[in-house]
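Each chain is listed here by its residues.
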Amino acid sequence: MAKFHVIIPAAGSGSRMASVLPKQYLPLLGRPIISWTLDTFLLCERIAKVHLVLSAEDADWQAQNIQHPKLSILNCGGETRAATVLNALNILNVDVEDWVLVHDAARPGLTHALLDFLLDEIQDDQVGGLLAIPVADTLKRANNEQRVACTEPREGLWQAQTPQMFRYGILKEALTKSGGAPTDEAQAIEALGLRPKLVTGQLRNLKITFPQDLALAEAILAVDQQGVRK
Ligand code: CTP
Ligand code: MG
């Protein structure tokens, strides 16, 4: 049976977060963001292995003192997120049919239920897919003076999240062939002419990108700690 592997790219600089410490190490309710992210996968029995991909210059991982039999650390981060993921794929020794879930280090709000839902929805799919949420707000296109040039129809538009889940062989082929730097795995798969499945995610699976996102993630996870997590 195909196994489920996880790759967590964590070799970015977090420039939009503008913090001294790389954002995945910032504290979130007293624990580093990365430890929240890792736990969801490490504690899921369906996941075979979790590969955390750091930049070769990473100076902060060791101090986190996080170990787990299912966790492997790869120091092969690249110039872009896509390069980081491809570098990891190139050194993994897994079956071409095995599933690979790529998940951002800075998305600590993924729940066990949402992860299970994604695995259930995709495990028998021919192409693979990703968590995403339908766009809810009205969309405006800006002109170069930051004024509204027009209103864009939002029908059929989704915001991509992670995990993004594809079979090892096809994902490696897609990222190897992708000339530019696709900002997610699905984009590389789409370029092969394939149509990844959109699996409805949740707002709580937000990516911490800007400083204000940290407070929002803290508020969400604090509610979980009070025991009302569904
Ligand atoms: N990432 C990576 N290698 C890169 C760039 C990004 O592994 N060369 C990872 C980040 O560490 C993060 C994920 O890809 O876990 C999503 O990227 P993003 O949120 O954009 O993080 P950064 O690139 O670090 O942030 P920024 O774009 O603000 O600089
Ligand atoms: Mg980035």
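Residues numbered from 1 in each chain as written. Chains lettered and ligands numbered in written order. Predicted model: local features only at pLDDT ≥ 70, side-chain atom pairs only at ≥ 80, totals over all residues. Heavy atoms only, no water.

## Some remarks on the sheet that holds strand S4 (residues 47-54)
With mixed pairing, the seven strands of this open sheet are ordered in space as S5-S4-S1-S6-S10-S7-S11. This sheet does not close on itself; its edge strands, each paired only once, are strand S5 (71-74) and strand S11 (197-200). On average, each strand axis in the sheet is inclined to that of its neighbour by 30 degrees, with strand direction left out of account. In this sheet, S4 lies alongside strand S1 (residues 4-10) in parallel orientation, the contact comprising seven bridges. Its bridge partner being in S4, histidine 5 is matched across the sheet by lysine 49. Seen against the sheet, helix H2 (residues 81-91) touches S1, S4, S5, strand S6 (99-102) and strand S10 (158-167) and runs at an angle of roughly 140 degrees to S1. In the packing of helix H4 (residues 168-177) onto the sheet, the strands contacted are S6 and S10, and the crossing angle to S10 comes to about 120 degrees. (Pairing = 2+ DSSP bridges. Helix = DSSP H or I, 4+ residues; strand = E, 2+ residues; numbered from the N terminus. Axes fitted to C-alpha atoms, helices over the stretch in contact; angles between N-to-C directions. Contact = heavy atoms within 4.5 Å.)

## Digging into the nonpolar core
Counting 29 residues, the largest nonpolar core has Ile8, Ile34, Leu38, Ile47, Val50, Leu52 and Trp61 as the members making the most contacts within it. Going through the elements one at a time, S1, helix H1 (33-42), S4, S6 and helix H3 (112-122) are the ones with two or more residues in this core. At five residues, H3 tops the list of elements feeding residues into this core. With near-sequence residues (within four places) excluded, valine 50 lies in contact with Val6, Ile8, Leu38, Phe41, Leu42, Lys70, Leu71 and Ser72. Counting 24 residues, the second-largest nonpolar core is a separate cluster that includes Val53, Leu74, Cys76 and Val102. (Core = buried A, V, L, I, M, F, W, Y, C linked by side-chain atoms within 4.5 Å. Buried < 20%, exposed > 50% of the residue type's maximum accessible area, 1.4 Å probe, protein only.)

Shape descriptors only; they carry no functional weight alone.
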